[in-house]
Amino acid sequence: MRHLLDIRDLSLEEIDQLLDRAEDIIENPKKYSECMHGKKLATLFFEPSTRTRLSFEAAMMELGGNVLGFSEAKSSSAAKGESVADTVRTVSCYADIIAMRHPREGAPTAAAQVCPVPIINAGDGGHNHPTQTLTDLLTIRREKGRLNQLVIGFCGDLKFGRTVHSLIHAMMRYEDIRFVFISPKELRVPDYVLETLQKHGIGYTEVEKLEDVIGTLDVLYMTRVQRERFFNEEEYLRLKDSYVLDLEKMELARKDLAVLHPLPRVNEISVKVDSDPRACYFRQVLYGKFVREALLMKLLEVEV
Ligand code: CP
């Protein structure tokens, strides 16, 4: 039995196979429409979500399976003090696989120690979000035609953004990748991530102004400043509008730039950018469903 707790749980070969499978599902949805008949996915979301929870549920339904779960801790017995371990032990009696989001870093990993069915980390605090990373990889591969030889800029809250940490860990395994980190000093990429890059000799630069580097990027990964992770509201208000990608900045970018964002967006991309063909973030949302279908099949060892 396999869990998916961190993107590094998957080898590069397994990631490529998942992306291939997702592409095949996109091309041949009918082939897969009954393969999960009789299987159940539980979505246990102790923290808010729109895309991750609903795309997991849509994915399971499109494969012919069923879903159950809760979308906030207060509608579960967690509100009465039940532990995460007891919750997953209980839910494993009703479901074949669990997708779990929790505000505490490491909570899905701890849950996996006692859970007799596969657990998928659907986001744990500011730590990891491996299925968003699979979504991002599929988006980059479809939009750019490759996952190597890329200059990738990450912009915004690189400290608390779990999608950023997971995607860096995934992309650094591909060939000839260079990272450009664009953030205020207060929201820099954590040292433990930078140390991993240094250890593997992967090139990166850190800058504060998006305008200075946007013209050098193949991919721009915009992120929201994560209000829920700040200890101090004043600090959040000071930093929240550090970056706004607008049409003026897009003028400075390459014609083949791919702009990604894990969403939700608050104010960091002007809605006027949405109609630019380089804005990939709503296509990215759609790809998330297909890659989660591929992942459910892998972890439940379902073949067609
Ligand atoms: N990208 C992402 O995790 O979105 P949600 O918080 O809406 O699930």
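Calculation criteria
Positions within a chain are numbered from 1, following the residues in the order the chain's sequence is written. Totals for whole chains, interfaces and linings use all residues, but because this is a predicted model, local features are given only for residues with pLDDT of at least 70 and pairs of side-chain atoms are given and counted only at 80 or more. Side-chain numbers here rest on the full set of heavy atoms in the structure, without hydrogens or water. The numbering of helices and of strands both runs from the N terminus, where a helix is a DSSP run of H or I of at least 4 residues and a strand a run of E of at least 2. Think of it in three bands: residues with accessible area under 20% of the maximum for their type are buried, residues over 50% are exposed, and the middle band is partly exposed, with areas taken using a 1.4 Å probe on protein chains only. Pairs of N or O atoms within 3.5 Å make up the polar contacts considered here, provided that, within protein, one atom can donate a hydrogen while the other can accept it, and that residues adjacent in sequence are counted only when both atoms are side-chain atoms. The contact rule is simple, with two residues in contact once any of their heavy atoms fall within 4.5 Å. A pocket, in this scheme, is an open set of points on a 1 Å grid over the protein atoms alone with protein on both sides within 12 Å along at least 5 of 7 lines, while a cavity is a set where a 1.4 Å probe fits but cannot get out; residues line either one if an atom lies within 4 Å of a point. Grid points are joined across faces, edges and corners, and a volume is the space filled by probe spheres set on the points. Nonpolar residues are Ala, Val, Leu, Ile, Met, Phe, Trp, Tyr, Cys and Pro. Charged residues are Asp, Glu, Lys and Arg, and all others, Gly as well, are polar. The split into domains, and so the bounds of each, comes from an automatic or database assignment of domains. Any residue with at least one heavy atom within 4 Å of a molecule or strand is counted as near it. Using the Shrake-Rupley algorithm and a 1.4 Å probe, accessible areas are obtained, with residue cover drawn only from the displayed protein chains. For this analysis, a molecule is said to be in a pocket or cavity if more than half of its atoms are within 2 Å of the grid points defining it. For salt bridges, the criterion is a side-chain nitrogen of Lys or Arg within 4 Å of an Asp or Glu carboxyl oxygen. Once two parts are put together, the accessible area they lose, assessed with a 1.4 Å probe and summed over both, is termed the buried area. A strand pair is defined by DSSP finding two or more bridges across the two strands. The definition of a right-handed crossover adopted here requires that, viewed with the strands pointing away, the path from the first strand over the helix to the second runs clockwise.

Novice: Mind showing me how you'd approach the side chain of Asp6 here?
Specialist: The topology assignment puts Asp6 in the segment before helix H1 (12-27). On the accessibility criterion, Asp6 (13% relative accessible area) is buried. Of the polar contacts made by the side chain of Asp6, one reaches the backbone nitrogen of Arg8; its length is 2.8 Å. A polar contact of 3.1 Å, which involves the side chain of Asp6, links it to the side chain of Asn128. In this structure Asp6 touches Asn128 and Pro130, once residues within four positions along its chain are discounted.

Novice: I keep staring at the layout of surface pockets and nothing clicks. Help me out?
Specialist: It is a probe the size of a water molecule, rolled over the atoms, that shows where empty space is left. Each pocket or cavity is described by its volume, and for the largest pocket that value is around 350 Å³. In terms of lining residues, the largest pocket is bounded by 21 residues, among which Arg101, Arg162, Arg224, Leu263 and Pro264 are the most central. Its residues assigned to classes, the lining of the largest pocket comprises four nonpolar, 10 polar and seven charged. Here the lining of the largest pocket spans two domains, since at least three of its residues come from each of domain 1 (7-128 + 288-299) and domain 2 (130-284).

Novice: Just checking my understanding: could you explain the site of the ligand for this structure?
Specialist: Near the ligand, the surroundings consist of Ser49, Thr50, Arg51, Thr52, Arg101, His129, Gln132, Pro262 and Leu263. A distance of 2.9 Å separates an oxygen atom of the ligand from a polar side-chain atom of Arg101. The separation between a nitrogen atom of the ligand and a polar main-chain atom of Pro262 is 2.8 Å. Burial of the ligand by the surrounding chains reaches 92%, relative to a free accessible area of 260 Å². Because more than half of its atoms lie within 2 Å of the grid, the ligand is assigned to the largest pocket. Within the shell around the ligand, the residues separate by chemical class into two nonpolar, five polar and two charged. Viewed by domain, the shell around the ligand spans two of them, domain 1 (7-128 + 288-299) and domain 2 (130-284), each represented by three or more residues.

Novice: Whenever I open this one, the pattern of salt bridges confuses me. Can you help?
Specialist: Should the charged atoms of two oppositely charged side chains come close, the side chains can pair. Evaluated as defined, the whole model comprises 26 salt bridges. Note that Arg8 is salt-bridged to Asp6, the shortest N-O span being 3.1 Å. Two residues, Arg141 and Asp20, come together in a salt bridge whose shortest N-O distance is 2.8 Å. In this pair, Arg141 is assigned in helix H6 (residues 130-144) and Asp20 in helix H1, connecting sequence segments 121 residues apart. On the basis of relative accessible area, Arg141 is assigned to the buried category, the value being 19%.

Novice: Help me understand the domain arrangement of the protein, please; the structure alone is not making it clear to me.
Specialist: Put simply, an interface is often sized by how much accessible area is lost when its parts join up. For the protein, the assigned domains are domain 1 (7-128 + 288-299) and domain 2 (130-284). Each of domain 1 and domain 2 has a C-alpha centre, and these two points are 25 Å apart. Taken residue by residue, the interface counts 31 residues in domain 1 and 25 residues in domain 2. Approximately 2500 Å² of surface area, both sides summed, lies buried where domain 1 meets domain 2, with 54% of it carried by carbon and sulfur atoms. Summed over the shared surface of domain 1 and domain 2, the number is four salt bridges. In this structure, the salt-bridge partner of Arg141 is Glu23, at a minimum N-O distance of 3.5 Å. Residue assignment for the side of domain 1 that touches domain 2 shows that the elements contributing at least two residues are H1, helix H3 (51-62), strand E4 (119-124) and helix H12 (281-299).

Novice: Is there a simple way to think about the environment of Met297 in this case?
Specialist: Counting through the fold element by element, Met297 comes out in helix H12. Residues Met297 and Met60, spaced 237 residues apart in sequence, show a C-alpha to C-alpha distance of 9.3 Å.

Novice: Explanation requested: the pairing of strand E5 (residues 150-155) in the structure shown.
Specialist: Along any regular strand the residues' side chains alternate between the sheet's two faces. Within E5, six of the six residues are buried, which leaves it mostly tucked inside the rest of the structure. Of the two faces of E5, the one lined by Leu150, Ile152 and Phe154 and the one lined by Val151, Gly153 and Cys155 are each fully buried. Of the pairings in the sheet, the one linking E5 to strand E6 (residues 177-182) comprises six bridges and is parallel in character. From the neighbouring strand, Cys155 faces E6, where its bridge partner is Ile182. The handedness of the E5 to E6 crossover, carried by helix H7 (residues 162-171), is right-handed. In terms of strand pairing, E5 meets strand E8 (residues 219-222) through four bridges, oriented parallel. In the sheet register, Cys155 faces E8, and the bridge partner there is Met222.

Novice: So what exactly am I meant to see when it comes to the side chain of Lys249 here?
Specialist: Tracing the chain through its elements places Lys249 in helix H11 (residues 247-251). A relative accessible area of 15% means that Lys249 is categorised as buried. At a separation of 2.6 Å, a polar atom in the side chain of Lys249 contacts the main-chain carbonyl oxygen of Val244. Discounting chain neighbours no more than four positions away, the residues touching Lys249 are Leu210, Glu211, Ile214 and Val244.

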